[in-house]
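Spelled out from the first residue to the last, the chains are:
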Amino acid sequence: MFKLTGDVQAGFGRLAGIIYHTLNLKGDAAVDITVVNDKEMQELNKSTRGVDKTTDVLSFPALNTITEFTQKNYPTDYDEKLRAVALGDIAINLDAAARQAEEYGTGEREVNYLFVHGMLHLLGYDHMEEADKKVMRELEEKVLAETDKSVVVAVVGRPNAGKSSIVNAIVGEKVSIVSPKPQTTRDRITGICTEGARQIVFLDTPGMFKPRTKLDEHMDKSIKSSLGGDADVVLVVLDSTKGMTEADEKLITERLKSKAPLYVAVNKTDLKGFDGVYPILEKLNPLMSRKEGRSIKDVIPTSCKTGRNIDVLKSALFAECRDGGFLFPPDEYTDRPVKFLIAETVREKALLFLQDEIPHGVGVSVRQVDENSDPVKIFCDVIVDKQSHKRIAIGDGGEMIKKIGASARRDIEKMLDCQVFLELFVKVRTGWRDRSDILKDIGY
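Residues numbered from 1 in each chain as written. Predicted model: local features only at pLDDT ≥ 70, side-chain atom pairs only at ≥ 80, totals over all residues. Heavy atoms only, no water.

J.: Teacher, can you tell me more about the overall build of the protein here?
T.: Along its length, the protein carries 14 helices and 15 strands. The buried share among the 444 residues of the protein stands at 48%. Here the contacts in the protein between residues at least 6 apart in sequence split such that 69% fall between residues at least 24 apart. When the accessible surface of the protein is summed, it comes to about 22,000 Å², and 47% of that surface belongs to carbon and sulfur atoms. (Helix = DSSP H or I, 4+ residues; strand = E, 2+ residues; numbered from the N terminus. Buried < 20%, exposed > 50% of the residue type's maximum accessible area, 1.4 Å probe, protein only. Contact = heavy atoms within 4.5 Å. Areas by Shrake-Rupley, 256 points an atom, 1.4 Å probe, with all protein chains shown as cover.)

J.: Can you walk me through the pairing of strand β2 (residues 29-36) in this structure?
T.: Regular strands place side chains that alternate from one sheet face to the opposite one. For β2, the tally of buried residues reaches six of eight residues, placing the bulk of the element in the interior. In terms of strand pairing, strand β1 (residues 2-6) meets β2 through five bridges, oriented parallel. Bridged to L4 within β2 is V31. For the segment spanning β1, helix α1 (residues 12-22) and β2, crossover handedness is left-handed. Pairing geometry for β2 and strand β5 (residues 84-93), over eight bridges, is parallel. (Pairing = 2+ DSSP bridges. Right-handed = clockwise from strand over helix to strand, strands pointing away.)

J.: Mind showing me how you'd approach the confidence of the model for the protein here?
T.: Detailed reading of the predicted model is not advised wherever pLDDT is low. When pLDDT is averaged along the protein, the result is 85; 87% of the residues meet or exceed 70. Taken together, the stretch residues 211-219 has pLDDT below 50 and engages in 25 contacts with residues farther than four places along the chain or on a different chain. (pLDDT = per-residue confidence, 0-100.)

J.: Explain the packing of helix α3 (residues 94-104) against helix α4 (residues 107-122) to me, please; I cannot follow it from the model alone.
T.: Pairs of packed helices are described in terms of their axes, by the angle between the two and the distance that separates them. Contact geometry of α3 with α4 gives a least axis separation of 8 Å together with a crossing angle of 120°. Comparing their axes, α4 and α3 come out oblique. For the pair α3 and α4, the crossing hand works out as right-handed. Counting all contacts with α3, which are made through L94, A97, Q100, A101 and Y104, the residues of α4 involved are G107, E110, V111 and L114. Across the contact of α3 with α4, the residue classes break down as six nonpolar, two polar and one charged. (Axes fitted to C-alpha atoms, helices over the stretch in contact; angles between N-to-C directions. Parallel < 35°, antiparallel > 145°, perpendicular 65-115°, else oblique. Left-handed = near helix turned anticlockwise from the far one by under 90°. Nonpolar A, V, L, I, M, F, W, Y, C, P; charged D, E, K, R; others polar.)

J.: Hey, could you run me through the layout of surface pockets in this one?
T.: A water-sized probe rolled over the atoms picks out the places where empty space is left. The computed volume of the largest pocket comes to approximately 1,300 Å³. Forming the walls of the largest pocket are 41 residues, and the residues nearest its centre are M1, D28, I170, E195 and K314. At the level of secondary structure, the elements contributing two or more residues to the lining of the largest pocket comprise α1, β5, α6 (163-171), β7 (189-195) and α10 (310-318). Here the residues of the lining of the largest pocket are counted per class, giving 17 nonpolar, 11 polar and 13 charged. (1 Å grid on protein atoms, 1.4 Å probe; cavity = no way out; pocket = protein on both sides within 12 Å on 5 of 7 lines; lining within 4 Å. Points joined across faces, edges and corners; volume = space filled by probe spheres on them.)

J.: Is there a simple way to explain a negative patch on the surface in this structure?
T.: A surface patch of negative charge is lined by D126, E129, E130 and D132. Given a relative accessible area of 38%, D132 falls into the partly exposed group. (Patch = residues over 30% accessible without salt bridge, like charges linked within 9 Å, V, L, I, M, F, W, Y side chains within 5 Å. Salt bridge = Lys/Arg side-chain N within 4 Å of Asp/Glu carboxyl O. Lys, Arg positive; Asp, Glu negative; His and termini not counted. Charge placed at Lys NZ, Arg CZ, Asp CG, Glu CD.)

J.: How should the pattern of salt bridges be read in this particular structure?
T.: Where charged atoms of side chains with opposite charge meet at close range, the side chains can pair. As enumerated under the stated definition, the model contains 20 salt bridges in all. Residue K149 pairs with E146 through a salt bridge whose shortest N-O separation is 2.6 Å. Measuring nitrogen to oxygen at the nearest pair gives 2.7 Å for the salt bridge that ties K297 to E320. Here E320 lies in the loop between α10 and β12 (322-323) and K297 lies in the loop between α9 (273-288) and β11 (298-301), a separation of 23 residues in the sequence. A relative accessible area of 10% means that E320 is categorised as buried. Each of R109, E110, R137, E140 and E141 takes part in one network of salt bridges that share partners.

As structure tokens, then:
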């Protein structure tokens, strides 16, 4: 994506994203923007071009050729601090934009037009020849006319297939916790990825399983809700390390009965390699070209660890976006409240450190978040099923609960972008996964 610095105006990020997708660009590039007036633009023209006059926009490209924006492709143009390739600089003349607005439209549209015009110059487009001018003009109008689109994607699959990891990788933020334990996700998590004029809303569901407790019933209800009428697209995630099971095939064929397009991500390919993944692809092939009924739209091998094909999967889902505007503000990455995210972070760390000792997991209830204090004070209850589990969760001299708290605090501080004081209390609630009052208290 484009990383914009300098005098970034409202709407520039959206337009940059549209350009990125329209031109099918790859990697991360940084663009510095300067907003000037007539006099400043005249001085800039004199110092850089030897021309004593004002203009509406100036672009200063840094690259001679445009390919994937990676450090490998542009070793001397890569900005370590921004972690992006320096594409160039743009100067926009607000006085000129105001004058042109009287003839062509609003001031906002003219400023946006000058930004798009400048960006295309940085990407190698020009208007010296009539044919080139026509191509550039058509691109400018296409970008400016783009309307906001969105798509709702239900992410389903067997437990521990990597559904949450895929959502986190595409969203670019941690919206769902990850653990080696199956059934880590207990609720339908909404992750939001917005780039340019397109928005993907992910419904990250718990893994498919047979309900046994009230908590299981809640998880099963979340799955059915996602697959009911909420989703425009269904993404089935398979674990390549386990091959393609009968349950996986049944899940896919059931989903093909719906009208929603269906994609399959064969995940964890870094652990199997081609020889391990190929038999799965071979089994999926008949489901991609069925003579009767609907077929799988695409199968994409992925790895969240290496990033393999995550961008390919994201592009495929962006292509499914439909007219109707955004479902969430473009700067949001989840619809879950802060308390829920805090509880999930603590639960993730508890699962990480206790996975071999407490077989049935834990619940977390956020008792208080005092945002008026400095640092922000957070108090949580870690809920376990037995007194013996409490001793394990606390550890000798409180070492285990301190370890869980320290790890959770670091992630919460990144999430809230502030210092945090986190205190955890371990509480025994026998049979808590079957008690509606406790499930309601911890947000299920």
